[in-house]
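Per-entry structural report
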Amino acid sequence: PPFAPHYAKATRDRQATVGGGKEQVGVLILHGYTAGPVQTLELTKMFYENDLATYLPRLKGHGTNPEDLRRCKWQEWYRDAELAFQFMRTRCDKIYVCGYSLGGTLAFLLASEYPDIAGVITHAPIFKVAHWGANVFRTVESVLERFDLDLGMPKIPILPETKHMAYEIYPLRSTYQILEMIDYIKPCLKNIKCPVMIIQSPKDNVVHKKSVQVITYRISSKQKEVIWFGDEHISLVHPQKEIYKKILQFVKS
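Residues numbered from 1 in each chain as written. Predicted model: local features only at pLDDT ≥ 70, side-chain atom pairs only at ≥ 80, totals over all residues. Heavy atoms only, no water.

This paragraph deals with the overall build of the protein chain. When helices and strands are tallied, the protein chain shows nine helices and six strands. For the protein chain, the residues scored as buried account for 51% of the 253 residues in total. Within the protein chain, contacts between residues separated by at least 24 positions form 77% of all contacts whose residues are at least 6 apart in sequence. As presented, the protein chain carries roughly 12000 Å² of accessible surface, and 54% of it is formed by carbon and sulfur atoms. (Helix = DSSP H or I, 4+ residues; strand = E, 2+ residues; numbered from the N terminus. Buried < 20%, exposed > 50% of the residue type's maximum accessible area, 1.4 Å probe, protein only. Contact = heavy atoms within 4.5 Å. Areas by Shrake-Rupley, 256 points an atom, 1.4 Å probe, with all protein chains shown as cover.)

Moving on, we come to the pattern of salt bridges. Oppositely charged side chains can pair when the atoms bearing their charge come close. If you walk through the whole model with that rule in mind, you get five salt bridges. With its nearest N and O atoms 3.7 Å apart, the salt bridge here joins Lys45 to Glu42. With Lys45 and Glu42 both in helix α2 (residues 41-49) and three residues apart, this pair spans about one turn of that helix. Residue Asp80 pairs with Arg79 through a salt bridge whose shortest N-O separation is 3.9 Å. The class for Asp80 is buried, based on a relative accessible area of 2%. (Salt bridge = Lys/Arg side-chain N within 4 Å of Asp/Glu carboxyl O.)

Moving on, we get to the packing of aromatic side chains. On inspection of all chains with the given rule, the structure shows six aromatic pairs. Centre to centre, the rings of Tyr33 and Trp77 are 6.0 Å apart; their planes meet at 65 degrees, and the pair counts as edge-to-face. Of this pair, Tyr33 sits in the loop between β1 (23-30) and α2 while Trp77 sits in helix α4 (residues 74-89), and the two are 44 residues apart along the sequence. Residue classification places Tyr33 among the buried positions, given a relative accessible area of 9%. Relative accessible area serves as the criterion here: at 0%, Trp77 is assigned to the buried category. Taken together, a centroid distance of 6.2 Å and an interplanar angle of 70 degrees make the contact between Tyr96 and Phe250 edge-to-face. Linking Tyr96 in strand β3 (residues 92-100) with Phe250 in helix α9 (residues 241-252), this pair joins segments that are 154 residues apart in sequence. (Phe/Tyr/Trp six-rings, centres within 6.5 Å; stacked < 30°, edge-to-face > 60°.)

What follows concerns the environment of Leu30. Counting through the fold element by element, Leu30 comes out in strand β1. Looking at Leu30, the relative accessible area reads 0%, which means it is buried. Sequence separation between Leu30 and Leu102 is 72 residues, and the spatial gap between their C-alpha atoms is 8.1 Å. Excluding residues that lie within four positions of it along the chain, Leu30 makes contacts with Pro57, Ala81, Val97, Cys98, Gly99, Tyr100, Gly103, Leu106, Ala107 and Leu110.

This part covers the side chain of Ser221. By secondary structure assignment, the location of Ser221 is in the loop between α8 (210-218) and β6 (224-228). Beyond its immediate chain neighbours, meaning those up to four positions away, Ser221 contacts Ile192, Lys193, Cys194 and Val196.

Dropping the structure here:
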């Protein structure tokens, strides 16, 4: 499977020390749009250092080139996330799903379909796009897709220290797929009953802060924790001791 080479050292090293190949607690970590598993590396290290098994799948079209991502359907991203979850089931008795941005949206879909998921931790999950022109873009792109055309792949500014984590080219056709996926997932949110932690920056210029309201209003979970943190779309790429501590407490509780 495409995700097979990307599992974390934590799972690989401890198989020999745990009876039956099972870990008590594991965390499935899903990266964001145009990024890759390396985006979540610092958080993964924190889980590993606290004896939690981790697994980082690479979603289809990511970690190769933007043209691969351009042709992807959202169902293919979900298939990769689901296969990774099934893999973790063979090694862990209790599984949390942690997702960044697109990975956070996929985490909620997983939790809506698998009630045995112990909890969901998301950073900037996409349920409402911040840009005012999102609906116009969606209408235009839906028409162009019928004729196998799209608006292209514009270059986007990326900080020098994160260039190894994400594409500098933005495939607009697959961005349209995110909007389609959101519409599919929203009615499914009511099926989620596990504990949920949402981390969101109030200054996020990609995901609208009302995404938090969409989620908390629709899910059936009794435990809903929202943390407003950071000044950019993804603020957990670099070590964040206080937030990492809260995430760890959430999992261990």
